Every structure is written in C-alpha cells, then in structure tokens.
Amino acid sequence: MKFLVTGGAGYIGSHMVKFLLSKNHEVTVFDNLSTGKLINKNKINFIKVNLLNRKKLDQLMSKKKFDAVFHFAALSIVNESEKKPRKYYMNNVLGTKNLINSMIKYKLNNLIFSSSASVYGAPKTKKILETHQMKPISEYGKNKKEIEKILAQIGKKKNFKSISFRYFNAAGADESAKIGENHKPETHLIPKILNSIKRKQKKVYIYGNSYKTIDGTCVRDYIHVNDIVRAHYYGLKKFRQKKCILNYNIGSGKGYSVLEIINGIEKVTRVKLKIIYKKKRKGDPPILVADCKKIFKDLRWKPKYKNIDKILLTAWQWHKKPFI
Ligand code: UDP
C-alpha cells in the first residue's frame, strides 16, 4: 500500500517509517527537518515541505493516491507551547488544517492523527478513559483537542475517516539503535537524563516531590515507541468501516514515578545519579495513567514492552551511540 508519513524524520514518525518499510509498503515522507533524523533515505520518497505552505501541499497531494496518511508532524514541547502559543497554533493547528483540506480536495479520506493525553488536562480519575472530560491545561493540549474536534465535525459531514491516538509518554528506541528520541532542546525526562550521563554529568533534576503519589514525584505511563507504531498499523483496519471517527488511548496502563524511572536508569546504565529537587513545573498533573480497555478490545493491540527496564535499555542503547 502507499502511505504518507508527515513528520517521518521525527521521533515516532521515523519508527513508523521503519515499520512500514519492513512490511514492504511504499512510503512518502513530508518533513520540514526542523528536528529529527532521516533514515532509509534511499527507500522512501522524501519531500521537504512545511505544512503551512498550502500551495506546495496541494501540488504534492494531487500526484499520489495514498491509502492513508499518518500525521506526526507537530511541535511537541508542552512548556514551550506556553511560551510560544502562536508558533504552536500555526504549526499544530493551521498546518494540520491545511493537510486535512488538501486531503479532502484530492479525495484522500484516511487520516491517523497523533493526539496526546494532554487533551484531558488534570485527571479526575486514577486511570483515564477516552470518555474523560477534555480540559487541556496547556496550549499544546488545546491544539490537539482542536484538531480532534475538527476531525469529528468533518467526519460527520463528509466521507472523511480519522483515528486520533492519544499517546501517553512515548519512550525507548528501536532495537537496531539506529533511531531514537532526540528533541532540541531536550526536556523529556528519559532522554534528558541519558544525554547527561553520556556527557558524564551525574546531576538530575526532579520537578516537585510533594505530589500526592507513592513517593511525592509525578507518575506517568511510559509506552515503547514501537508499541505505539504497531497500534497505528492495527488502526488501519478500521478504515474499512463506512464511518470512522475514532480515538484511542495508547499507554501501558501502568504508572511509574520520576524516582522509579531514575532508579531504572541507574540500573540500566550502571551510573549513580545525584538528584536535585526543584520546584514543580507549571502544568504538570501529578498522575497520568491510561485506561486502555478500548484499544485492547477494539484493535486487539497490547504492548509488547511490559518491562520498564527493557524500555529504558532500548533508549540507552541508542543514546550512548557517538553520533547523537
Ligand atoms: N521531569 C523531571 N525532571 C526532568 C524532566 C522531567 O522531574 O528533568 C518530570 C516532569 O515534571 C514530569 C515527568 O518527569 O512529571 C515526565 O516529564 P516529560 O517531560 O518526560 O513528559 P510529560 O509527562 O511532561 O509529557
């Protein structure tokens, strides 16, 4: 089949590309190369394009009939979205609207959208179901919610099918250690600490230790990037339905505190870290853990990486390489 992957040079997008190629699909990547790394260059059709350039987008979309579009291209640093809301709105909302409108113009109907657990805001329940209220507390979360709303509206009126996957905390790297997580600047807990270790720095910062959790630090649901990618692939079967406006959590259903993650990293890297407590980061909910009943049942998907140390090990195997 023919697939378009926007953001195919980014963290999750590059893993999606690798997976699709392994299944012998034809892959086109649209990416502005603002972050990320392009691999398998000779096996894909790569086009450098900014989704805000509607004219170029239309030109490109008119040329190929994709069976589905995987839309990963987005800015994704929650903290930065608070400081630069306009930049985030332009990229994440207007860029995506352009993509959707161009798809509709050229009769491409199937979109898989990278949404996020940040659409929920502060959780009201221990584990979060898809039916949980959507009250995002960050600009990034608001961007994702807005697109989900648009997809629902269009799906009701037109023959436009979409699946929004709400990721919890994507983590780890492909076991080939050729691709992995690398944001600039790096703010995410696991890659940030692994970067420090690689630079022989032992200090790590924990933002807040007075949350109402097992050890006072924030709890998150970490899910391996290749499990996320597999869920996207399983999602494709839903496009056979006449109508398709779906959303699914992707998580493991299990939470780990920041301290537990740091312990895991110490174990995997065999480096003893020096913890420094800092004040809470704005907009951090104490606990974010997915309830994944819906995706388990509907897509018959389950995470293969159930052990957090294994996830951390894949991340470390990539991070410790010299080229990053
Ligand atoms: N965190 C931390 N120190 C860091 C980076 C992150 O204590 O250097 C915490 C952060 O406050 C959050 C958790 O680790 O509770 C996960 O943060 P990350 O940015 O990786 O993902 P988020 O859950 O914010 O999307």
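Just so it is clear, the model here is predicted, and its values are computed rather than measured. (Residues numbered from 1 in each chain as written. Predicted model: local features only at pLDDT ≥ 70, side-chain atom pairs only at ≥ 80, totals over all residues. Heavy atoms only, no water.)

**Topic: the pattern of salt bridges**
Keep this limit in mind: Any Lys or Arg side-chain nitrogen located within 4 Å of an Asp or Glu carboxyl oxygen qualifies as a salt bridge. Numbering of helices and strands runs from the N terminus; a helix is a DSSP stretch of H or I covering at least four residues, while a strand is a stretch of E covering at least two. Exposed residues in this analysis have more than 50% of their type's maximum accessible area, buried residues have under 20%, and partly exposed residues fall in between, with area computed by a 1.4 Å probe over protein chains only.
Under the defined criterion, the tally for this structure stands at 17 salt bridges. Salt-bridge contacts for E82 lead to K282; the nearest nitrogen and oxygen are separated by 3.4 Å. Linking E82 in helix α3 (residues 78-83) with K282 in the loop between β13 (274-278) and β14 (287-288), this pair joins segments that are 200 residues apart in sequence. Accessibility expressed as a relative area gives 30% for E82, which makes it partly exposed.

**What to know about the site of the ligand**
Just so we agree on the cut-off: We define proximity as follows: a residue is near a molecule or strand when any one of its heavy atoms falls within 4 Å of that partner. In protein, a polar contact requires one atom able to donate a hydrogen and another able to accept it; more generally it is a pair of N or O atoms within 3.5 Å, and residues adjacent in sequence count only if both atoms are side-chain atoms. Areas reported here follow the Shrake-Rupley algorithm with a probe of radius 1.4 Å; residue values treat only the protein chains shown as occluding. Three classes are used: nonpolar for Ala, Val, Leu, Ile, Met, Phe, Trp, Tyr, Cys and Pro, charged for Asp, Glu, Lys and Arg, and polar for all others, with Gly counted as polar.
Around the ligand lies a shell of 14 residues, among which K192, Y205, R220, R281 and D284 are the nearest. At 3.0 Å, a side-chain N or O of N169 approaches an oxygen atom of the ligand. Within the contact set of the ligand, an oxygen atom lies 3.5 Å away from a side-chain nitrogen or oxygen of H188. Protein chains bury 91% of the 510 Å² of accessible surface belonging to the ligand in isolation. In terms of residue count, the dominant contributor to the shell around the ligand is strand β8 (residues 203-207) (3 residues). Its residues placed into classes, the shell around the ligand shows 7 nonpolar, 3 polar and 4 charged.

**Here's the deal with the packing of aromatic side chains**
To keep things clear, this is the line we draw: Centre distance within 6.5 Å is the pairing criterion for rings of Phe, Tyr and Trp, where only the six-membered ring of Trp is used; planes under 30 degrees apart are then read as stacked, over 60 as edge-to-face, and the remainder as tilted. Only lysine NZ and arginine CZ atoms are considered, and such an atom sits over a ring when it is within 6 Å of the ring centre and within 35 degrees of the ring normal.
Taken as a whole, this structure holds 4 aromatic pairs when the rule is applied. Sitting above the plane of the Y205 ring, K278 keeps its charged end 4.9 Å from the centroid. The ring of Y211 carries the charged tip of K280 above its face, separated from the ring centre by 4.4 Å.

**Some details on the pairing of strand β5 (residues 110-116)**
For clarity, the cut-off: A pair of strands is treated as paired once DSSP finds two or more bridges between them. Seen with its strands pointing away from the viewer, a crossover is right-handed when the path leading from the first strand over the helix to the second is clockwise.
Counting buried positions along β5 gives 7 out of 7 residues, so the element sits mostly inside the fold. Of the two faces of β5, the one holding N110, I112, S114 and S116 and the one holding L111, F113 and S115 are both buried throughout. Bridging between β5 and strand β6 (residues 161-167) involves 7 bridges; their strand directions are parallel. Opposite S116, over in β6, you have Y167 as the bridge partner. In this fold, the crossover linking β5 to β6 by way of helix α5 (residues 139-157) has right-handed handedness.

**Quick look at the side chain of T314**
Stated formally: Throughout, a residue-residue contact means that at least one pair of heavy atoms, one from each residue, lies within 4.5 Å.
By secondary structure assignment, the location of T314 is in helix α10 (residues 308-319). Contact partners of T314, with chain neighbours within four places excluded, come to G172, A173, E175, H224 and Y305.

**Notes on the nonpolar core**
To be explicit about the condition: Among the buried residues, those of types Ala, Val, Leu, Ile, Met, Phe, Trp, Tyr and Cys that are joined through side-chain atoms within 4.5 Å form a nonpolar core.
Within the largest apolar cluster, 44 residues are counted, with the highest numbers of intra-cluster contacts made by I12, F70, F165, I250 and I295. Sorting the residues of this core by element identifies β1 (2-6), α1 (11-22), β2 (26-31), β4 (68-71), β6, α7 (225-235) and β11 (245-250) as the ones contributing at least two each. Looking at which element gives the most residues to this core, the answer is α1, with 7 residues. The contacts of I295, once residues within four sequence positions are left out, are F165, A231, Y248, N249, I250, R300 and W301. Residues A171, Y211, L273 and Y305 belong to the second largest nonpolar core, which totals 26 residues.

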